[in-house]
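# Understanding the architecture of this molecule
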Amino acid sequence: MTEIVYEAVESYNEYCKKIPCGCQKIADNFRENKITESLKLIVYFTEGANWLTEVSELLRKNGVSVSLKTEKIHEYLKEINQGLETQDYILVADMFEYEIGPFFEACTLIEVQQN
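Residues numbered from 1 in each chain as written. Predicted model: local features only at pLDDT ≥ 70, side-chain atom pairs only at ≥ 80, totals over all residues. Heavy atoms only, no water.

Right, let's talk about unusual backbone geometry for a bit. Its identity as a non-glycine residue notwithstanding, Asn33 has a phi of 65°, on the positive side. Residue position: Asn33 is located in the loop between helix H1 (3-31) and helix H2 (35-61). Classification of Asn33 by relative accessible area gives exposed; the value is 61%. Unusually for a residue other than glycine, Gln87 sits at a positive phi of about 55°. Looking at where Gln87 falls in the secondary structure, it is placed in the loop between helix H3 (70-85) and helix H4 (89-105). (Helix = DSSP H or I, 4+ residues; strand = E, 2+ residues; numbered from the N terminus. Buried < 20%, exposed > 50% of the residue type's maximum accessible area, 1.4 Å probe, protein only.)

One pass over the structure, following the stated rule, counts five salt bridges. Across the pair Glu32 and Lys34 runs a salt bridge, and its minimum N-O distance is 3.1 Å. One salt bridge in this structure joins Lys72 and Glu75, with 3.5 Å as the shortest N-O distance. Separated by three residues within a single helix, Lys72 and Glu75 lie in helix H3, roughly one turn from each other. Taking relative accessible area as the criterion, Glu75 reaches 39% and is therefore assigned partly exposed. What you see here is one network of salt bridges that share partners, running through Arg31, Asp94 and Glu97. (Salt bridge = Lys/Arg side-chain N within 4 Å of Asp/Glu carboxyl O.)

Among the structural elements, Arg60 can be located in helix H2. For the pair Arg60 and Tyr89, spaced 29 residues apart in sequence, the C-alpha to C-alpha distance is 35 Å. Contact partners of Arg60, with chain neighbours within four places excluded, come to Val66, Ser67, Leu68 and Thr70. (Contact = heavy atoms within 4.5 Å.)

Moving on, we get to the environment of Glu32. One can find Glu32 in the loop between H1 and H2. When the C-alpha atoms of Glu32 and Ala106 are compared, they prove to be 27 Å apart, with 74 residues separating the residues in sequence.

Below, the discussion takes up the packing of aromatic side chains. Within the structure shown, the criterion is met by six aromatic pairs. The interplanar angle of 10° and the centroid separation of 5.1 Å between the aromatic rings of Phe30 and Tyr89 together place this pair among those described as stacked. Highlighted residues: Phe30 in helix H1 and Tyr89 in helix H4, separated in sequence by 59 residues. Between Phe45 and Phe104, the aromatic rings sit 6.2 Å apart at their centres with planes inclined by 85°, giving edge-to-face as the arrangement. Of this pair, Phe45 sits in helix H2 while Phe104 sits in helix H4, placing them 59 residues apart in sequence. The exposure classification of Phe45 matches that of Phe104, with both residues buried. Feature note: the residues Phe45, Tyr76, Phe96, Phe103 and Phe104 constitute an aromatic cluster, connected by ring pairs. (Phe/Tyr/Trp six-rings, centres within 6.5 Å; stacked < 30°, edge-to-face > 60°.)

So this is what it looks like as structure tokens:
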């Protein structure tokens, strides 16, 4: 396996570890009526989630076993968008705290043996 694959796995794992904390921060900001800050964090979350799905696919193509359910991430992104369109910030906050955060907490990190 190439060095770039190992680096991608390391970045993937580090990002997955950080997501639950970010999800809680988004939920807390919405509940504190910090809408602008929450929306900015959601942009970062969306970019990161899209990056994770792209990296997952590339890793799979390179023979790395990835258990991330990318279709579930796409469902979450769609639900977040729907909640934001209706300005139902409580629903979006609940999703981040009770669904999305726990989803990423339960994600299995990738383990590869470097030769």
